[in-house]
Amino acid sequence: MTAATSDVFLTRMMALHPKVIDLTLERVWRLLERTGNPQNKLPPVIHIAGTNGKGSTLAMIRAGLEANGRVCHAFTSPHLVRFHERIRIAGQLIDETELSSLLEECYSVNDSEPITYFEITTCAALLAFARRKADYCLLEVGMGGRLDATNVIDKPAITVITPISIDHEAFLGNTVSQIAYEKAGIIKQGVPCIVSSQPQEAYAVISKQAQKAEAPVLAYGHHWTVTEKPNGLVFEDDHGRLDLPQPSLLGSHQIQNAGAAIAALTALGFNENECSSAMTKVQWPARMQRLKSGPLVKLSGDAEVWLDGGHNPAASKALAQLLKKLPWRPAHLICGMLNSRDIKDFLEPFTLIIDSLTGVTIPGMINSYLCEDIARSGSELGIKSRTAETVQKALENILRKEPQSRVLICGSLHLSGAVLSENG
């Protein structure tokens with residue numbers, strides 16, 4: 001098998017349904033039935049939904065489990081550089097041979113019937129997980145929850161709902177309450193649900209849905225708290241207090257994600273060892289990641305270059321707060337975004353923090369904003385803004401004037417993936 005084999009099948013799968021996103025479970029159930037219902041043969045499932053922090057929370061839970069000898073499957077999305085990142089089998093990224101074989105099998109069994117790319121690849125992941133032993137299976141919702149392709153597990157071990165905010169309005173609704181209803185769709189009969197800090201209207205919806213399902217709720221501010229302290233954090237629940245290291249993922253928003261991960265681990269019966277490992281062993285690329293090697297770093301000299309895939313207002317607020325906390329340097333943003341996002345809403349938290357904005361067009365993405373669109377929106381917010389053809393040229397322009405800057409590349413996971421790919 002060559003590296004292109006899985007790409008061929010993935011390209012074919014893109015053509016099986018005219019819409020990239022079309023939320024329903026009918027097509028998923030059909031294919032799962034044809035492949036022997038692998039969703040019923042998984043190890044205990046940890047199912048995670050939310051607007052922000054799903055991937056980070058999953059990564060912390062996985063780090064805590066794996067560092068203490070548990071074997072985990074994991075399904076996440078989207079990928080940054082290669083599709084293989086989405087599927088971890090028994091702790092390892094799926095290899096090309098197995099991925100190609102699974103995709104070919106699912107494509108053949110589907111028999112050219114309509115199904116979305118995410119749906120058929122989710123089925124492939126579940127099939128892979130059902131065939132290999134593990135202690136846990138961690139599933140990250142792709143979008144929403146109620147009608148997401150991952151929402152096919154009758155009795156997960158636990159569900160987790162991370163912070164909810166406005167996002168994907170065209171598919172999930174225009175209010176926080178509507179979006180919360182979709183996210184709460186992962187709640188299952190009698191299964192404990194960990195709930196992060198939420199807007200009041202979101203928590204009300206989640207509580208109502210959990211009550212209908214007779215699902216115990218373990219919610220931030222009601223059943224557990226997490227507090228940042230110098231060089232650590234404090235987690236408290238009905239069972240006591242844990243003094244733990246800070247997560248290796250930077251930012252105050254990661255404290256809330258850490259709390260959800262710890263709450264999940266303790267609810268599953270794990271102790272301080274697993275919770276401490278969840279903080280210190282976690283790795284999750286493009287979440288306020290400082291680049292430490294590669295062509296961009298060689299180019300940057302004494303400057304700092306950071307990368308984050310945050311793409312909505314809640315994420316940009318968290319990034320802006322982190323920039324304010326770091327030791328002072330001139331701060332510059334290089335931003336590329338998809339045209340399904342509101343540029344001004346994303347940029348607004350940075351207005352009094354950054355010295356300049358450079359808009360870039362995300363390479364290879366036909367639904368990317370043009371660099372001129374981003375720069376125009378920045379200028380309208382009063383930010384000194386310009387454009388550049390590439391991230392490298394944007395960085396060169398910044399460093400030419402301020403060689404000891406702090407540069408944050410952000411706005412889209414697709415941009416982050418392109419940067420990681422090009423930077424080696």
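Up top is the structure these notes are about.
Note that residues are indexed from 1 along each chain, following the sequence as it is written. Owing to the predicted nature of the model, reporting of local features is limited to residues with pLDDT of at least 70; listing and counting of side-chain atom pairs is limited to 80 or more, with chain, interface and lining totals taken over all residues. Excluded from the side-chain calculation are hydrogens and water; included are all heavy atoms of the structure.

1. Notes on the overall build of the protein
Secondary structure counts use DSSP, requiring at least four H or I residues in a row for a helix and at least two E residues in a row for a strand, with both numbered from the N terminus. Counting its regular elements, the protein contains 16 helices and 17 strands. We compute the radius of gyration over the C-alpha atoms and compare it with the globule rule, which gives 2.2 Å times the number of residues raised to the power 0.38. Computed over the C-alpha atoms, the radius of gyration of the protein is 21 Å, within 12% of the 22 Å expected from 2.2 N^0.38 for a compact globule of 424 residues. Each principal axis of the C-alpha distribution contributes one length, and for the protein these read about 60 × 55 × 40 Å. Looking at the protein as a whole, 55% of its 424 residues are labelled buried. Accessible area for the protein stands at about 18000 Å²; split by element, carbon and sulfur atoms hold 49% of it. For this count, His and the chain ends are skipped, Lys and Arg are scored as positive, and Asp and Glu as negative. Note on charges: their place is set at NZ of Lys, CZ of Arg, CG of Asp or CD of Glu. Across the protein, the 41 positively charged side chains and the 44 negatively charged ones have centroids separated by 2 Å. Throughout this description, buried means an accessible area under 20% of the type-specific maximum (1.4 Å probe, protein chains only), exposed means over 50%, and partly exposed covers the range between. For accessible areas, the Shrake-Rupley method is used with a probe of radius 1.4 Å. Any residue's cover is judged against the shown protein chains and nothing else.

2. Points about the pairing of strand 10 (residues 232-237)
Two strands are said to pair when DSSP picks up at least two bridges between them. By the bridge criterion, six bridges tie strand 9 (residues 224-229) to strand 10 in an arrangement that is antiparallel. Opposite Val226, over in strand 10, you have Phe235 as the bridge partner. Across five bridges, strand 10 lies against strand 11 (residues 240-244) in antiparallel orientation. Bridge assignment links Leu233 to a residue of strand 11, and that residue is Leu244. The hairpin formed by strand 10 and strand 11 contains two residues between the paired strands.

3. Details of the packing of aromatic side chains
Any two of the Phe, Tyr and Trp rings considered here, Trp counted by its six-membered ring, make a pair once their centres fall within 6.5 Å; the pair's planes then place it as stacked at under 30 degrees, edge-to-face at over 60, or tilted in between. Inspection of the entire model under this criterion finds six aromatic pairs. When the ring of Phe346 is compared with that of Phe350, the centres are 5.9 Å apart and the planes differ by 55°; the resulting orientation is tilted. The exposure class assigned to Phe350 is buried, which follows from its relative accessible area of 0%. Taken together, the ring pairs in this structure connect Tyr220, Trp224 and Phe235 into an aromatic cluster. Counting as a charge over the ring demands two things of the Lys NZ or Arg CZ atom: a distance within 6 Å of the ring centre and an angle within 35 degrees of the ring normal. Directly above the aromatic system of Tyr107 lies the positively charged group of Arg12, at a separation of 6.0 Å from the ring centroid.

4. Some words on the sheet that holds strand 13 (residues 304-307)
Here we have six strands laid out as an open sheet, ordered 12-13-17-14-15-16, and mixed in their pairing. The open sheet is flanked by strand 12 (289-290) and strand 16 (385-387), the only strands paired with a single partner. Bridge count between strand 12 and strand 13: two bridges; the pairing is antiparallel. By the bridge assignment for strand 13, Gln289 is matched with Leu307. Residue contacts follow a heavy-atom distance rule, with two residues in contact if any of their heavy atoms lie within 4.5 Å. Lines fitted to C-alpha atoms define the axes, with helix axes restricted to the stretch in contact, and inter-axis angles between N-to-C directions lie between 0 and 180 degrees. In the packing of helix 15 (residues 391-401) onto the sheet, the strands contacted are strand 13, strand 14 (331-335), strand 15 (356-359), strand 16 and strand 17 (406-410), and the crossing angle to strand 14 comes to about 165°.

5. Structural notes on helix 14 (residues 371-380)
Buried within helix 14 are the following residues: Cys371, Ile374, Ala375, Ser377 and Gly378. Down the axis, helix 14 shows its buried residues gathered within 160° of arc, on one side only. Lining the buried residues of helix 14 we find strand 14, helix 13 (343-347), strand 15 and strand 16. Directly beyond the C-terminal end of helix 14, a positive phi value near 90° is found at Gly382. By arc we mean the arc of the directions from the helix axis to the C-beta atoms, nothing more.

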